[in-house]
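The residues making up each chain are set out below.
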Amino acid sequence: MKITAVLLAAGQGTRMKSDLPKVLHPLCGKPMLWHVLEALKEVTTEPPVVVVGHGAEAVTKYLGDTARTVLQEPQLGTGHAAMQAESLLRGDTDLVILTYADMPLLRGETFKRLVEAQRLTPGPFSLLTVRAEDPRGFGRIVRKPDGTVEAIVEEYVATPEQRQIKELNVGAYCFNAGWLWDALRRIEKNPKKGEYYLTDLVEIAARDNLPVQAVTHDDFTETIGINTRVHLSEAEAAMRKRINQMHMLNGVSMMNPASTYIEAGVQIGRDTTLLPNTYIHGKTVIGERNFIGPNTIIRDTTIGNGCRILASVMEGAVLEDDVDMGPFARLRKGAHLKSHVHMGNFGEVKDSVLREGVKMGHFSYIGNADIGANTNIGAGTITCNYDGDKKHPTTIGEDVFIGSDTMLVAPLTLGDGSRTGAGAVVTKNVPEDTLVVGMPARAIRKLERKNKKK
Ligand code: UD1
Ligand code: CA
């Protein structure tokens, strides 16, 4: 059985007061639209169709090849939007799951319930409803005395009695495709707003004595639709809670989930603890037994196991196991800290490898460098990697001791076991096991290395 999703995303989203199309506004790091498409993936067998209109170019660009798009121009309402999918889908799918792109909290399992319900009924479609005290402008579900659904009445045309109805139209439907396309043509233009309302399909089915089935849902947070930025923040809070609960159930501890911000798609291993005010963004993968935060921002970074990261900021970095970082450390793109690296306060690393056991305790800048195992970077060391025109590399061997306040003027190589004196300005390569001092630094002594490999 072919099941295809049609997502309506052409509306202007006027109430957002934004230049960005509503469906591209982010929720936990991903556009609203992404969340709906993820959930729909769980039930559909075919690639989705997205109806675009307002901001079509940006929406289509974002979707790339993840969806087929059809243009709705002009935008004459949800029924009119649904009609646009006919050209792509007539004769090509058995069921159509139709929903709105501004409902990002609906879960895959909820769509599954809807599909299951439709497969078991002879009627032309099933729709999702929710019982809630706050109607939030949703259409009201009008039932006949025998319980069958008779109509959906939009709030602004509802009578005072209808407004009291607590059962609301969520905006998710599963149609028999064989019925849908012709029925859509029967929707009449709403005289007040000049729009074609998808919700009129209920009355159209009723007129033909075809039963419409309602699947009632009780989790109102799943049905938060976004029309304003107030709704967006409510949805964000609900989504954040959902993401955090998923991680906690997978074995991640959070001292205060309400102040722990994890974007959709982030992976975290068990027995990792997150302290308050930790933000984890983008394509981040975190292993087990890490202790992270408070006040830490992590983006597009891979972290191994057993690391301790305190009040630090990183982006595009890799940390292997048992790294000890912070407070106030900063990793930029291409920073790679191997196992047992210690990086203390006010350090910055970009495009550099710090090999096993490197210690960099206090206020240093390391850029375009490769630092050998067990080397010690003294306080205030700087790789002077930029000559105003190009970036140059610095290569430091193993077991090197860089004295406090050393300037390493790149391109530069320091051999294994070498040392620099405090305040040295190193402009020439340093041979292994050699001590250099001064400005510019000169070699003054050959050194004995205790743990030198034979
Ligand atoms: C709609 C429903 C309402 C339901 C509510 C739930 C209708 C007539 N009303 O109202 O019963 O309770 O959703 O959230 O369907 N869109 C288009 N083209 C258009 C108009 C809208 O693609 O011409 C898209 C929008 O981008 C949006 C979705 O359809 O994603 C819903 O439109 P919106 O205007 O937000 O409908 P509501 O007033 O919320
Ligand atoms: Ca809406």
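First things first, this report covers the structure right here in the doc. Note that the structure is a prediction, hence the values are computed from the model and not measured.

**Notes on the overall build of the protein chain**
Along the backbone of the protein chain there are nine helices and 42 strands. In terms of overall dimensions, the protein chain has a C-alpha envelope of 100 × 40 × 40 Å along the principal axes. Burial status across the protein chain gives 51% buried among its 454 residues. Contacts in the protein chain between residues at least 24 apart in sequence constitute 40% of all its contacts with a sequence separation of at least 6. Side chains of the protein chain carry 54 positive and 54 negative charges; the gap between the two charge centres is 5 Å.

**A closer look at the pattern of salt bridges**
Using the criterion set out here, one finds 19 salt bridges in the structure. One salt bridge in this structure joins Glu86 and Arg185, with 2.9 Å as the shortest N-O distance. Of the two residues, Glu86 is situated in helix 4 (residues 86-89) and Arg185 in helix 7 (residues 177-185); the sequence distance between them amounts to 99 residues. Given a relative accessible area of 10%, Glu86 falls into the buried group. Here the residues in one salt-bridge network are Asp399, Glu432, Asp433, Arg449 and Lys452, joined through shared partners.

**As for the site of ligand 1**
Residues in contact with ligand 1 amount to 23 residues; listed here are only the nearest, Gln72, Gly77, Tyr100, Glu154 and Asn169. Interatomic distance of 2.9 Å between a backbone N/O atom of Gly139 and an oxygen atom of ligand 1. In the environment of ligand 1, an oxygen atom lies 2.6 Å from a nitrogen or oxygen atom belonging to the backbone of Asn169. Protein contacts shield 88% of the accessible area of ligand 1, which totals 760 Å² for the unbound molecule. Those elements that provide at least two residues to the shell around ligand 1 are strand 1 (3-9), helix 3 (78-83) and strand 10 (167-176).

**Here's the deal with the nonpolar core**
By size, the foremost hydrophobic cluster in this structure holds 69 residues, and its most contacted members are Val6, Leu33, Val50, Leu98, Phe125, Phe175 and Leu201. Here Leu98 is in contact with Val6, Leu8, Ala82, Gly171, Ala172, Tyr173, Phe175 and Leu198, once residues within four sequence places are set aside. Counting residues in hydrophobic clusters, the runner-up holds 56 residues, among them Ala235, Met325, Ala369 and Ala441.

**Describing the sheet that holds strand 18 (residues 291-292)**
Pairing within the open sheet is mixed, and its twelve strands lie in the order 12-15-18-21-24-27-30-33-36-39-41-42. Each edge of the open sheet carries a strand with a single partner, namely strand 12 (253-254) and strand 42 (442-446). Judged from the two bridges that link them, strand 21 (residues 308-309) and strand 24 (residues 324-325) form a sheet pairing that is parallel. Its bridge partner lying in strand 24, Arg308 is registered against Asp324.

**Details of the packing of aromatic side chains**
In this structure the tally under the stated criterion is seven aromatic pairs. Ring geometry for Tyr173 versus Phe175: centroids 5.9 Å apart, planes at 25°, classification stacked. Comparing Tyr173 with Phe175 shows no difference in burial state: the two are buried. For Phe175, a relative accessible area of 0% translates into the label buried. In this structure, Lys391 packs its charged tip against the face of Tyr386, placed 5.1 Å from the ring centre. Directly above the ring of Phe401 sits Arg419, whose terminal nitrogen or CZ lies 4.5 Å from the centroid.

Reading the values: rules and limits
Residues numbered from 1 in each chain as written. Chains lettered and ligands numbered in written order. Predicted model: local features only at pLDDT ≥ 70, side-chain atom pairs only at ≥ 80, totals over all residues. Heavy atoms only, no water. Helix = DSSP H or I, 4+ residues; strand = E, 2+ residues; numbered from the N terminus. Buried < 20%, exposed > 50% of the residue type's maximum accessible area, 1.4 Å probe, protein only. Contact = heavy atoms within 4.5 Å. Lys, Arg positive; Asp, Glu negative; His and termini not counted. Charge placed at Lys NZ, Arg CZ, Asp CG, Glu CD. Salt bridge = Lys/Arg side-chain N within 4 Å of Asp/Glu carboxyl O. Near = heavy atom within 4 Å. Polar contact = N/O pair within 3.5 Å; in protein donor to acceptor, adjacent residues only side chain to side chain. Areas by Shrake-Rupley, 256 points an atom, 1.4 Å probe, with all protein chains shown as cover. Core = buried A, V, L, I, M, F, W, Y, C linked by side-chain atoms within 4.5 Å. Pairing = 2+ DSSP bridges. Phe/Tyr/Trp six-rings, centres within 6.5 Å; stacked < 30°, edge-to-face > 60°. Lys NZ or Arg CZ within 6 Å of the ring centre and 35° of its normal.

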